[in-house]
Amino acid sequence: MDKLLFTAMSGASRVMMAQQVHANNLANVNTTGFRTDIEQADSVKVKGQGYDTRALVAARAGGSDFSAGAMQHTDNPLDVSIRGEGFFAVEAGENDEAYTRAGNFTLNPNGQLMLGNRPVMGTGGAITIPEYEQLSIGSDGTISVVPQGGGLIQEVGQLKLVKPENNQLRKSEDGLFRVVGGGGQADADDTVTVASGYLESSNVNAIDALVNNISLARNFELQVKMMKTAEQLATAGNRLVRGS
């Protein structure tokens, strides 16, 4: 009965992993620019004497759904959304970058453009914006300001916009994407355009995530019942052996 037990245990382990992924998706349904995580697993045949009649589940690195979320108007010039494909670049350590669709930028007390606690990268490095009366961000990511006290419009930086192939990116634990292999940096791509005053919502479908979680919970109950059945069959078999 160990064959049934280990098969059911393998299935339960995979279901628990899937539950974690879908629960995380559901928790990020309102997270700006969030990309839905996709759980993946492989069927692995158990090797041994005779034919390969059993298969266990082996979890493998999941992927992400890169479809675009909805654009929401905010009227805040520091809120920026990418139109179509592409990513913003943020500093992720010394000589390292990470990529995101979230564009809810802020300014720290030193005038540095930030995404959370990470500096936003421009085509010439981290972006610092002087005090201004008016700010605008063009479709190509160029940041222009009217200086405090008035005067001519000045360009103070340009957002670094990138468009690596989706299969070159992996999501890290911090929710940011990095080029596969680590330490790699994507080149700026002038075909990527943005819209200022908008934010991109998460692309999580809340109803699908909820239904998937319910289905997985039922699947987990089934796997547990199978493990209990294996235990009962093993117990009954031991009784017969002792009785003989």
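Analysis parameters
Residues numbered from 1 in each chain as written. Predicted model: local features only at pLDDT ≥ 70, side-chain atom pairs only at ≥ 80, totals over all residues. Heavy atoms only, no water. Helix = DSSP H or I, 4+ residues; strand = E, 2+ residues; numbered from the N terminus. Buried < 20%, exposed > 50% of the residue type's maximum accessible area, 1.4 Å probe, protein only. Contact = heavy atoms within 4.5 Å. Areas by Shrake-Rupley, 256 points an atom, 1.4 Å probe, with all protein chains shown as cover. Phe/Tyr/Trp six-rings, centres within 6.5 Å; stacked < 30°, edge-to-face > 60°. Lys NZ or Arg CZ within 6 Å of the ring centre and 35° of its normal. Salt bridge = Lys/Arg side-chain N within 4 Å of Asp/Glu carboxyl O. Pairing = 2+ DSSP bridges. Polar contact = N/O pair within 3.5 Å; in protein donor to acceptor, adjacent residues only side chain to side chain.

Draft legend 1. Expanded view of the overall build of the chain. Looking only at helices and strands, the chain features two helices and 19 strands. Across the 244 residues of the chain, 34% fall into the buried class. Taking as baseline every contact in the chain between residues at least 6 positions apart, the subset at least 24 positions apart corresponds to 61%. Just so you have it, the chain exposes about 14200 Å², and 50% of that area is on carbon and sulfur atoms.

Draft legend 2. Local environment of the packing of aromatic side chains. Taken as a whole and judged by the stated rule, the model has four aromatic pairs. A ring pair is formed by Phe66 and Phe177, whose centres lie 5.3 Å apart and whose planes are at 40°; its orientation type is tilted. Within this pair, whereas Phe66 is found in the loop between strand S2 (55–64) and strand S3 (71–73), its partner Phe177 is found in strand S17 (residues 177–179), the two being separated by 111 residues in sequence. Counting every residue linked through ring pairs, the aromatic cluster contains Phe66, Phe87 and Phe177. Just above the ring of Phe34 sits the side chain of Lys171; from NZ or CZ to the centre is 4.1 Å.

Draft legend 3. Here's a closer look at the pattern of salt bridges. Applying the stated rule across the entire model yields six salt bridges. Across the salt bridge formed by Glu97 and Lys160, the nearest N and O atoms sit 3.0 Å from each other. Of the two residues, Glu97 sits in strand S6 (residues 97–100) while Lys160 sits in the loop between strand S14 (154–158) and strand S15 (161–162), which places them 63 residues apart along the sequence. With a relative accessible area of 4%, Glu97 lands in the buried category. Owing to a relative accessible area of 11%, Lys160 belongs among the buried residues under this scheme. Close ionic contact of Asp174 with Arg118 constitutes a salt bridge, the shortest N to O distance being 3.1 Å. With Asp174 in the loop between strand S16 (169–171) and S17 and Arg118 in strand S9 (residues 118–119), this residue pair connects regions lying 56 residues apart in the sequence. Its relative accessible area of 37% is what places Asp174 among the partly exposed residues. Through salt bridges that share partners, Arg35, Arg101 and Glu200 make up one connected network.

Draft legend 4. Structural context of the pairing of S14. Both strand S13 (residues 142–147) and S14 contribute to a ladder of four bridges, which runs antiparallel. When the bridges of S14 are listed, Val145 appears paired with Gln154. Hairpin connection, S13 to S14: the antiparallel pair is bridged by six residues, and Gly149 has positive phi, about 95°.

Draft legend 5. Structural context of the environment of Glu97. With 82 residues separating them along the chain, Glu97 and Val179 place their C-alpha atoms 8.8 Å apart. With sequence-adjacent residues up to four places away left out, Glu97 is seen in contact with Ala89, Val90, Ala92, Met121, Lys160, Arg178, Gln185 and Ala186. Among the polar contacts made by the side chain of Glu97, one reaches the side chain of Tyr99 at a distance of 2.8 Å. Within the local environment of Glu97, its side chain forms a polar contact with the side chain of Lys160, the two groups lying 3.0 Å apart.

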